[in-house]
Amino acid sequence: MDSDFTIQNLIPKSLVQEFGSPLYVYDEEIIKRQCQTITTALKNSFDQGAKVLYACKANTNPNILKIMRSNGVHGIDAVSPNEVEVALQAGFLNNQITYTANYMTKEEIEYAIQKGVILNVGEIDTLKKLIAYQAEVIIRLNLDIGIGHHNHVNTGGNDSKFGINLMWKEQLSEIQKQGVKIIGLHQHMGSKIMKKDHDSYLLGIEKLFQAATQELELPYLKYIDIGGGFGVKYQDYEETSDLNLLFSEIKKLYDKYFINVKPMLFIEPGRYLIAESGYLLCTVQAINTNKSRTFVGTDSGMHHLIRPALYESYHEIINSEQKQVEPRIVTVCGNICESGDLLGVDRNLKVEVSDVLVIQNGGAYGFSMSSNYNLRERPAEILVRDSKPYIIRKRETLDYLLANVVIL
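Small disclaimer: the values here were computed from a predicted structure and weren't measured.

Draft legend 1. Structural detail: the sheet that holds strand S5 (residues 118-121). One closed barrel holds the 8 strands; their spatial order is S2-S3-S4-S5-S6-S7-S8-S9, and the pairing between them is parallel. Taking the axes of each pair of neighbouring strands and ignoring which way they run, one obtains an average angle of 30° across the sheet. Here strand S6 (residues 136-140) runs beside strand S7 (residues 181-186); their pairing, made up of 5 bridges, is parallel. Paired with Ile-138 across the bridge in S7 is Gly-184. Along the sheet, helix H8 (residues 198-215) makes contact with S7, strand S8 (223-228) and strand S9 (264-268), crossing S8 at roughly 160°.

Draft legend 2. The packing of aromatic side chains, seen in detail. Evaluated as defined, the whole model comprises 10 aromatic pairs. With 6.0 Å between their ring centres and 80° between their planes, Tyr-201 and Phe-230 make a pair best called edge-to-face. With Tyr-201 in helix H8 and Phe-230 in the loop between S8 and helix H9 (243-257), this pair connects stretches of sequence that are 29 residues apart. On the numbers, 5.0 Å between centres and 20° between planes, the contact of Tyr-223 with Phe-266 is stacked.

Draft legend 3. The arrangement of the pairing of S8 in detail. The element S8 is extensively covered by neighbouring structure, given that 6 of its 6 residues are classed as buried. Pairing between S8 and S9: 4 bridges, direction parallel. Counterpart to Tyr-223 in the pairing with S9 is Met-264. Once the chain exits S8 it traverses H9 before rejoining the sheet at S9, and the crossover so formed is right-handed.

Rules used in this analysis
Residues numbered from 1 in each chain as written. Predicted model: local features only at pLDDT ≥ 70, side-chain atom pairs only at ≥ 80, totals over all residues. Heavy atoms only, no water. Pairing = 2+ DSSP bridges. Helix = DSSP H or I, 4+ residues; strand = E, 2+ residues; numbered from the N terminus. Axes fitted to C-alpha atoms, helices over the stretch in contact; angles between N-to-C directions. Contact = heavy atoms within 4.5 Å. Phe/Tyr/Trp six-rings, centres within 6.5 Å; stacked < 30°, edge-to-face > 60°. Buried < 20%, exposed > 50% of the residue type's maximum accessible area, 1.4 Å probe, protein only. Right-handed = clockwise from strand over helix to strand, strands pointing away.

By themselves these figures say nothing about function.
See below:
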């Protein structure tokens with residue numbers, strides 16, 4: 001880094017001084033760029049025959065959803081009733097929302113039907129419950145192909161809890177005879193799909209198209225949802241997907257299998273749309289050296305960004321300022337009472353106490369997976385729009401954390 005880091009010309013240390021530390025900051029221009037890139041690439045291959053649904057579990061701030069709706073994102077993939085409500089508040093229509101929760105309760109099923117969202121079901125037992133409602137559903141299949149940067153985000157194959165295997169196709173036929181209309185097929189193979197994963201990804205999509213046209217009787221077919229998982233670059237050596245090339249290959253498969261019926265194609269990016277726009281700013285509180293390691297302790301941690309602890313994920317960490325000190329190999333850690341509270345191991349940094357560090361690619365699965373562990377508050381969220389910062393979520397307080405506690 002040849003100069004101080006800025007976000008639309010805003011200095012991280014100034015943002016921290018104004019809004020406090022730690023702090024989540026999102027760059028609106030990057031969100032717009034990602035939305036426009038993926039929607040344009042999809043349209044180049046499918047014209048109006050395919051739509052983007054944002055997998056909003058990546059980041060559910062309603063302001064983020066509004067930006068996406070204004071920049072070509074057709075709908076939302078939601079996995080809880082509250083995500084549905086946020087999507088509706090952001091202006092998406094009921095029929096633009098797929099409800100892809102797994103192991104739904106009776107209350108969730110009735111909620112989704114009452115709201116008029118598109119049900120997406122991945123278990124035979126749940127489909128049986130829907131017979132009483134004569135419901136229309138997309139079904140989530142597990143076609144024995146999984147992809148992902150960690151086992152916890154690989155959502156296909158025998159070790160995955162998600163989806164219905166084709167070994168149950170006779171039961172699917174019987175359930176249709178009893179009044180459940182299968183209007184679509186869905187498959188999501190995993191998270192952070194990169195260029196190296198294209199062969200496996202395309203094989204999985206071909207199996208989905210084969211299931212729709214050769215394995216199952218689907219007289220009401222309207223939708224084919226190929227899931228999401230498109231990756232972004234977390235480290236320099238990684239190669240992301242060429243979306244124009246990838247979508248053109250998917251279109252060739254689509255045209256091969258769907259000759260008469262032409263179902264609408266859905267894709268469900270989450271990380272791709274929001275990850276690169278987000279930064280977690282945190283302040284160095286102390287530097288602690290032992291016989292083998294130097295720990296840079298911050299005022300954030302795994303309660304604000306769980307991905308390094310949960311998935312061993314890499315996030316680039318930089319000092320927001322140019323420093324006139326010698327670089328050293330350090331481990332950046334948080335203030336949570338856990339030995340696993342490590343944000344970055346063996347990083348080459350020029351760093352001193354009171355510096356503001358920038359943890360990159362924090363827009364996806366950052367705040368949305370954060371917690372109040374150790375009874376610590378979650379950070380504020382800031383959106384930078386036209387080089388001006390706006391609070392889009394206030395910092396939590398102790399009163400907020402204890403609001404639902406009943407003292408006996």
